[in-house]
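Notes for the structure review
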Amino acid sequence: MEKRKMPEGYELVWEDNFDYSGAVREADWNCEVGERWANNEQQAYTASPDNVSVCGGQLHITARRQDCGIRSYTSGRITTAGRHSWQYGYFEVRARLPRGCGSWPAIWMLPDSCRQGNPWPRCGEIDIMEHVGRRENSIWFSLHSERHNHTRKDTSQYTTIRDYRDVCTEFHTYGIEWTEAAIEFFVDGESACIYRRTDDAEDQSEAAWPYDQPYFLILNIAVGGGLGGEIDEGALPFEMAVDYVRVYQKKS
């Protein structure tokens, strides 16, 4: 395991090192299940150990060619919703990403309010890391809000793509530092990009900056879909291995 790096001015408030075996801990994670998801994704999410399991000190999320109702693929999606949520902090997840066209793993966050009737994209979304197999060494870093999201062409988009080596063969640490003024994205402790809250009156609104509320973590692999693209059947199964998840917040 990589030696822990404590961010300056922060203290560890929650972690999962996956130093156990079997299912993820119910006190910390939900396994979301279902067949109908956005973005024309092709998977059904299940709680089966075929799709979500902990062994060897790692979490394994696996997408497989496996019939499940109306879907021909199964995968895993776990969240801390209803268990843990945080407003501001330094978040990091050390993971090895799947290889193969059609895979679409993500480490991301949604607010508690999205489960209380606040619709997307007004509620906001923080994508700590997205990756697609058809661009093996590229990582997406994004924020989505009502004013700034990928469906709008009339305003600036908060999406940056950077290239890195060996993301599908080696573990890398993906993180954000989230404050009231900005969200900065990191890979292995090096800054990838930063989005700042501007002084523009519209950017002070919830429609542009909905990041002043508690968010929960999500880890998943989607299959196909708008970003995932065409599925390479020969590359299945797709597996994301996660070494740890850590959350730090400013010392009081």
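A short tour of the structure in this document, coming up. Each residue is numbered by its place in its chain's sequence as written, counting from 1. Totals for whole chains, interfaces and linings use all residues, but because this is a predicted model, local features are given only for residues with pLDDT of at least 70 and pairs of side-chain atoms are given and counted only at 80 or more. Each side-chain value is derived from all of the structure's non-hydrogen atoms; neither hydrogens nor water enter the calculation.

A pair can form between side chains of opposite charge whenever their charged atoms are brought close. Basic side-chain nitrogens of Lys or Arg form a salt bridge, by our definition, when they fall within 4 Å of a carboxyl oxygen of Asp or Glu. Inspection of the entire model under this criterion finds 12 salt bridges. Its salt-bridge partner being Glu15, residue Arg246 comes within 3.6 Å of it at the nearest N-O pair. On the criterion of sequence distance, the pair formed by Arg246 in strand β17 (residues 238-250) and Glu15 in strand β1 (residues 10-16) is long-range, its members being 231 residues apart. Classification of residues uses two cut-offs on accessible area relative to the type maximum, computed with a 1.4 Å probe and protein chains only: under 20% is buried, over 50% is exposed, and between them is partly exposed. Of the residues examined, Arg246 reaches a relative accessible area of 2% and is grouped as buried. The salt bridge partner of Glu206 is Arg122, with a shortest N-O separation of 3.9 Å. One end of the pair, Glu206, is in the loop between β15 (190-196) and β16 (215-223); the other, Arg122, is in the loop between β9 (103-111) and β10 (125-130), and 84 residues separate them in sequence. Residue classification places Glu206 among the partly exposed positions, given a relative accessible area of 36%. A relative accessible area of 29% places Arg122 in the partly exposed class. Through salt bridges with shared partners, a single ionic network connects Glu32, Arg77 and Arg115. The way it works is that DSSP assigns letters per residue, a run of H or I at least four long becomes a helix, a run of E at least two long becomes a strand, and they are numbered from the N terminus.

Another aspect to go through is the sheet that holds strand β11 (residues 138-144). Read across the sheet, seven strands follow the order β2-β7-β16-β9-β10-β11-β12 without closing on themselves; strand pairing throughout is antiparallel. What marks the edges here is a single partner per strand, and that holds for β2 (30-31) and β12 (158-163). Two strands form a pair only when DSSP identifies at least two bridges running between them. For β9 and β10, the ladder comprises four bridges, and the chain directions are antiparallel. Bridging from a neighbouring strand, Met109 pairs with Ile126 of β10.

Cis peptide bonds are those with omega within 30 degrees of zero, and the linkage from Trp120 to Pro121 qualifies with 5°. If you trace the backbone, Pro121 turns up in the loop between β9 and β10. Leu236 connects to Pro237 through a cis peptide bond whose omega is 0°. Structurally, the position occupied by Pro237 is in the loop between α1 (225-228) and β17. The backbone of Phe18 sits at a positive phi, close to 55°, despite the residue not being glycine. In this fold, Phe18 is placed in the loop between β1 and β2. One non-glycine residue with positive phi stands out, namely Tyr88, at about 75°. Locating Tyr88 in the fold gives a position in the loop between β7 (77-79) and β8 (89-96).

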